[in-house]
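# Tertiary structure, described
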Amino acid sequence: MPGTDDSAHVPSSSQRISEWVAQQLLDRIARGELVPGERLPGERQLAEQLHVSRVSVRAALQKLKTQGFLTAVQGGGTRVVSSAGMMDGALTAMVRSTHQNLCDLVEIRMALESWAARRAAERATPEQIDTIGRILAAMSETNRDGGRAADDMDFHVAVAQASGSPVYLHLLSTIRDILGNMVEMKHTEPFMENHEALMIEHHRAIHQALARRDPDGAASAVTAHLGWILARYRTMSDHSTGGTDSATDASPSPSAG
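Here's what I pulled together on the structure shown here. Remember, predicted model here, so these are calculated numbers, not experimental data.

## Quick word on the overall build of the chain
A count of helices and strands for the chain gives 11 helices and 2 strands. Moving toward the C terminus, one meets the helices and strands of the chain in the order α-α-α-β-β-α-α-α-α-α-α-α-α. Taking as baseline every contact in the chain between residues at least 6 positions apart, the subset at least 24 positions apart corresponds to 71%. Accessible area for the chain stands at about 12,700 Å²; split by element, carbon and sulfur atoms hold 53% of it.

## Side note on empty space enclosed by the protein
One pass over the full model with this rule turns up 1 cavity of 30 Å³ or more. Reported here for the largest cavity is a volume of approximately 60 Å³. If you trace the largest cavity, you find it lined by Glu113, Ala116, Phe155, His156, Val159, Ala160, Tyr168, Ile206 and Val222. The set of elements that each furnish at least two residues to the lining of the largest cavity consists of helix H5 (99–123) and helix H7 (147–162). Broken down by element, the residue count for the lining of the largest cavity peaks at 4 residues, all from H7. In terms of residue class, the lining of the largest cavity is built from 7 nonpolar, 1 polar and 1 charged.

## Remarks on helix H3 (residues 54–67)
Because an α-helix packs 3.6 residues into every turn, residues spaced three or four apart end up facing the same way. The terminal C-alpha atoms of H3, which comprises 14 residues, lie 20 Å apart, in line with the 20 Å expected from a rise of 1.5 Å per residue. As for H3, its buried residues are in contact with helix H1 (17–31), helix H2 (43–50), strand E1 (70–72) and strand E2 (78–80). At the exit of H3 stands Gly68, carrying a positive phi of roughly 95°.

## Examining the environment of Asp151
Here Asp151 shows up in helix H7. Overall, the relative accessible area of 9% leaves Asp151 in the buried class. In this structure, the C-alpha to C-alpha distance between Asp151 and Met139, residues 12 residues apart in sequence, is 5.6 Å.

## A word on the pattern of salt bridges
This structure, assessed with the given rule, holds 7 salt bridges. With its nearest N and O atoms 3.9 Å apart, the salt bridge here joins Arg54 to Glu43. In this pair, Arg54 sits in helix H3 while Glu43 sits in helix H2, placing the two residues 11 residues apart along the sequence. Relative accessible area serves as the criterion here: at 37%, Arg54 is assigned to the partly exposed category.

Quick notes on the rules
- Residues numbered from 1 in each chain as written.
- Predicted model: local features only at pLDDT ≥ 70, side-chain atom pairs only at ≥ 80, totals over all residues.
- Heavy atoms only, no water.
- Helix = DSSP H or I, 4+ residues; strand = E, 2+ residues; numbered from the N terminus.
- Contact = heavy atoms within 4.5 Å.
- Areas by Shrake-Rupley, 256 points an atom, 1.4 Å probe, with all protein chains shown as cover.
- 1 Å grid on protein atoms, 1.4 Å probe; cavity = no way out; pocket = protein on both sides within 12 Å on 5 of 7 lines; lining within 4 Å.
- Points joined across faces, edges and corners; volume = space filled by probe spheres on them.
- Nonpolar A, V, L, I, M, F, W, Y, C, P; charged D, E, K, R; others polar.
- Expected span 1.5 Å × (residues − 1).
- Buried < 20%, exposed > 50% of the residue type's maximum accessible area, 1.4 Å probe, protein only.
- Salt bridge = Lys/Arg side-chain N within 4 Å of Asp/Glu carboxyl O.

Structural data, given as structure tokens:
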């Protein structure tokens, strides 16, 4: 991370410098300073931050790529890896296979996101609360031409970041593409049917609970929001399939939620 200085931690003479550099980068990932999908500073910048040679940085990056923590970026550079690349295709197929699997995913989101909201209410910085508020304000604007879906996803990611949990950020990244598709569906007809104002109120309730540092209120607001979505999925499925559950039913696909 720019501005990070690990120079106080000098590797011992018995430790290869490249191994020490690799450990510094792993520590940044563990602390959430480098999150899944984030591009690392260049070799020169890392070498300057860590007060080592570019050769040592290059060897450390290669080691972490081999171990699966980092991946090369097309055109140059390195990015933090999550398990999303391996899991997303399988999860997408699984969620598409039955309506019940889609509902299961929403229930899992309720458990995870209510926990994250509780943590965010306790640990978010004032700047993070302000960021969530700005996203909410953008979401509230009319005539956004699909922009609300992007703002909606940004809102949930911002809450995740405010939770201060690198573990949760990695879990979220595993299903982030599916969640993004779900959010897109949530802002289209026939799913919404003029419920946009209600959805904004759901998000406002989450933000207000975070702003007043109310962990129980934040968790309850997330549960209410995702509970409404879950009920909406089930209602739509009942209307379109007569209550059946099959891989070919007309329930929302993972571009829902």
